[in-house]
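Coordinates in review
One-letter residues, chain by chain:
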Amino acid sequence: MATMRSLIRRLTHRPSPSPNSGVTRHHKTAPPTHPRLPLRPGQIRDRCFPVRRRGLDPVEIRNFLHRVADELTRAQTALLAVQEENVRIKSALREWQSAQSDRHHYR
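Below you will find a few notes about this structure. All values reported here derive from a predicted model rather than from experimental measurement.

What follows concerns the overall build of the protein chain. Per the secondary structure count, the protein chain includes 3 helices and 0 strands. Taken from the N to the C terminus, the helices and strands of the protein chain come in the order α-α-α. Per-residue burial for the protein chain yields a buried fraction of 10% across its 107 residues. Of the contacts formed within the protein chain by residues at least 6 apart in sequence, a portion of 56% connects residues at least 24 apart. Accessible surface, the protein chain as shown: approximately 9500 Å² in total, 57% of it carbon and sulfur.

Think of it this way: side chains of opposite charge can pair up when their charged atoms draw near. Considering all chains together, one arrives at 3 salt bridges under this definition. Here D70 ties to R45 by a salt bridge, and the two come within 2.4 Å at their closest N and O atoms. Here the residue D70 occupies a position in helix α3 (residues 58-105), and R45 occupies one in helix α2 (residues 41-46), the gap between them amounting to 25 residues. Note that E71 and R67 form a salt bridge whose closest N and O atoms lie 3.5 Å from each other. Of this pair, E71 and R67 both sit in helix α3, separated by 4 residues, roughly a single helical turn.

Glancing now at the environment of F64. Along the chain, the position of F64 falls in helix α3. Assessed through its relative accessible area of 31%, F64 is described here as partly exposed. It is 9.6 Å that separates the C-alpha atoms of F64 and I44, two residues lying 20 residues apart in sequence.

Let us look at the environment of P58. Note that P58 resides in helix α3. Along the sequence, P58 and C48 sit 10 residues apart, while their C-alpha atoms lie 8.9 Å from each other.

Definitions and limits used
Residues numbered from 1 in each chain as written. Predicted model: local features only at pLDDT ≥ 70, side-chain atom pairs only at ≥ 80, totals over all residues. Heavy atoms only, no water. Helix = DSSP H or I, 4+ residues; strand = E, 2+ residues; numbered from the N terminus. Buried < 20%, exposed > 50% of the residue type's maximum accessible area, 1.4 Å probe, protein only. Contact = heavy atoms within 4.5 Å. Areas by Shrake-Rupley, 256 points an atom, 1.4 Å probe, with all protein chains shown as cover. Salt bridge = Lys/Arg side-chain N within 4 Å of Asp/Glu carboxyl O.

Taken by themselves, the reported measurements are silent on function.
Rendered as structure tokens:
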């Protein structure tokens, strides 16, 4: 558990690079996202981090980010399905309540 926290801290901590810091970039760093906006799978897949001399393996990071993005896609798809089902159930309940109200109104 502690190693996962350490990995997350290292992935999310982005110090400003100095000209002679030994930072090499394979891709441009993605623009920062607003912390309150929900993440999209593409943002996770496209996220790049600076690679340092004794840094993390970029291939492992990319594979992990793709895995997280895929799980986020599945979660968002499931959430959408649940929200659509919720709308359907609420609509059916309203129709049933209206029918019950109409039945009791004309007695």
